[in-house]
Amino acid sequence: MKIDVITIFPEYLAPLSLSLLGKAQSSGIVDIKVHNLRDFTNDNHNTVDDTPYGGGAGMVMLPEVWAQAIDSVIQDGAEIIILTPAGKRFNQKIAAGFSSSTQLIFACGRYEGIDDRIRQYYSQPEFQARNIKVHEASIGDYVLGGGEVAAMVMIEAITRLIPGVLGNPDSLTEESHNAEGYLEYPIFTKPQEWRGISVPEILLSGNHAEIAKWRTQQAQKRAKDNF
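Since we're looking at a predicted model, the values are computed, not measured.

A.B. asks: Is there a simple way to think about the overall build of the protein in this case?
C.D. replies: Within the protein one finds 8 helices and 9 strands. Across its three principal directions, the C-alpha atoms of the protein cover 70 × 40 × 35 Å. The proportion of buried residues among the 227 residues of the protein is 37%. Working note: accessible area of the protein is about 13500 Å², and carbon and sulfur atoms make up 50% of it.

Quick look at the structure:
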C-alpha cells in the first residue's frame, strides 16, 4: 500500500517510522511518504491560507496549493481522505475497507479547514473514471488543532490489518472491535494475585470451553456498559 500524507507540519508524522509500522515500511509492505504542503506554494511567504468568503473567524486553506500537492502524488484508484470534524466517523469497519486500497492520500487541514472545492474537484466524473474517491473523515466529536493526529490514528488502525504488518496475525481475530458490537474481554497475566486482586478462577481452570464462554460474556458486558 502507498500512503501519502500532506501537511504543513511534516515533523508531526515522525512516529509513523516507529514500531511495527516502521518495520512494515522497511520490509516494503507499506510505503509512507510525508509531503510538506508549503513546498507547493508559489509566493515568497509560502502562503497556504487566506480569509474566508462570507466573513467569519479564522483562515481557510487555499485550493490551488492543495491541488498541486495532491496532483503530484495521485494515482488511479487513490482514496483521498480529508480530515475534518465534519467528516464521517472513522471506525473499524471503515479501517478494514481502506486496508485493501492501493493508495491513501491524507489531507491534513489546519485553521478553519480546506476550501471545499478540493472535495468537489476530485469528486468529478473524470476522477471517478479513474476509481479515485474522496472521503471526509473524523475520529470523534471534538476539534483538534489539525488533521495530523487523526491521520496517524487512521493509518495505524488501517495498516495493522494488512497481511504481514502484525507479527502474529491471530491477534486480529481476538482484539477489541473485531466482532461487531463486542469489545475485548478483560485480560490478565502473572502474578496470579497482585495487590490483593486475584485473576478470575475460571482462567485457571484449564476448561477452554468455559473460558471461551466467560470471555464472550465479559465482552458483551463491556459493550453494553460502554454504549
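A.B. asks: Even after reading the chapter, I still don't get the nonpolar core, so can you show me in this structure?
C.D. replies: Taken as a class, soluble globular proteins show a tendency for nonpolar side chains to be buried jointly. Formed by 28 residues in total, the largest nonpolar core has its most connected members in Ile 3, Leu 83, Phe 106, Met 154 and Ile 158. Of all the elements in the fold, those that place two or more residues in this core are β1 (2-7), α1 (19-26), β5 (78-89), α3 (92-98), β6 (103-108) and α6 (148-159). A per-element tally of this core places α6 first, with 7 residues.

A.B. asks: Honestly, the side chain of Ser 138 in this entry has me stumped. Any pointers?
C.D. replies: As for its placement among the helices and strands, Ser 138 is situated in strand β7 (residues 133-138). Given the relative accessible area of 7%, Ser 138 is considered buried. Residue contacts for Ser 138: discarding those within four places in its chain leaves Thr 84, Pro 85, Gly 87, Lys 88, Arg 89 and Phe 90.

A.B. asks: Any chance you could explain a nonpolar patch on the surface here in plain terms?
C.D. replies: The grouping of Phe 9, Tyr 12, Tyr 142, Leu 144, Val 149 and Val 153 at the surface amounts to a nonpolar patch, some 500 Å² of accessible area in total. Along the polypeptide, Val 149 turns up in helix α6. Among the residues examined, Val 149 registers a relative accessible area of 32% and is labelled partly exposed.

A.B. asks: Just to check I follow, could you spell out the pattern of salt bridges for this structure?
C.D. replies: A side chain with one charge may pair with a side chain of the opposite charge, provided their charged atoms come close. As enumerated under the stated definition, the model contains 7 salt bridges in all. The residue Lys 2 makes a salt bridge to Asp 4 at a minimum N-O spacing of 3.4 Å. The same class applies to Lys 2 as to Asp 4, namely buried. Here Arg 130 makes a salt bridge to Asp 76, at a shortest N to O gap of 2.6 Å. Placement of the pair is Arg 130 in the loop between α5 (125-128) and β7 and Asp 76 in the loop between α2 (63-71) and β5, with a sequence separation of 54 residues. Here Asp 76 falls in the exposed class, since its relative accessible area comes to 51%.

A.B. asks: Would you mind going over the sheet that holds β5 with me for this structure?
C.D. replies: Pairing between the strands of a sheet comes from backbone hydrogen bonds, and it takes one of two forms, parallel or antiparallel. Spatially, the 5 strands line up as an open sheet ordered β2-β1-β6-β5-β7, and their pairing is parallel. If you trace the sheet from one side to the other, it starts and ends with β2 (31-36) and β7, each paired once. Within the sheet, the average angular offset between the axes of one strand and its neighbour, ignoring direction, is 25°. As paired elements, β5 and β7 share 7 bridges and run parallel to each other. Bridging across to β7, Ile 81 finds its partner in His 135. Along the sheet, α6 contacts β1, β2, β5, β6 and β7; its crossing angle with β6, the most-contacted strand, is approximately 160°.

What counts and how
Residues numbered from 1 in each chain as written. Predicted model: local features only at pLDDT ≥ 70, side-chain atom pairs only at ≥ 80, totals over all residues. Heavy atoms only, no water. Helix = DSSP H or I, 4+ residues; strand = E, 2+ residues; numbered from the N terminus. Buried < 20%, exposed > 50% of the residue type's maximum accessible area, 1.4 Å probe, protein only. Areas by Shrake-Rupley, 256 points an atom, 1.4 Å probe, with all protein chains shown as cover. Core = buried A, V, L, I, M, F, W, Y, C linked by side-chain atoms within 4.5 Å. Contact = heavy atoms within 4.5 Å. Patch = residues over 30% accessible without salt bridge, like charges linked within 9 Å, V, L, I, M, F, W, Y side chains within 5 Å. Salt bridge = Lys/Arg side-chain N within 4 Å of Asp/Glu carboxyl O. Pairing = 2+ DSSP bridges. Axes fitted to C-alpha atoms, helices over the stretch in contact; angles between N-to-C directions.

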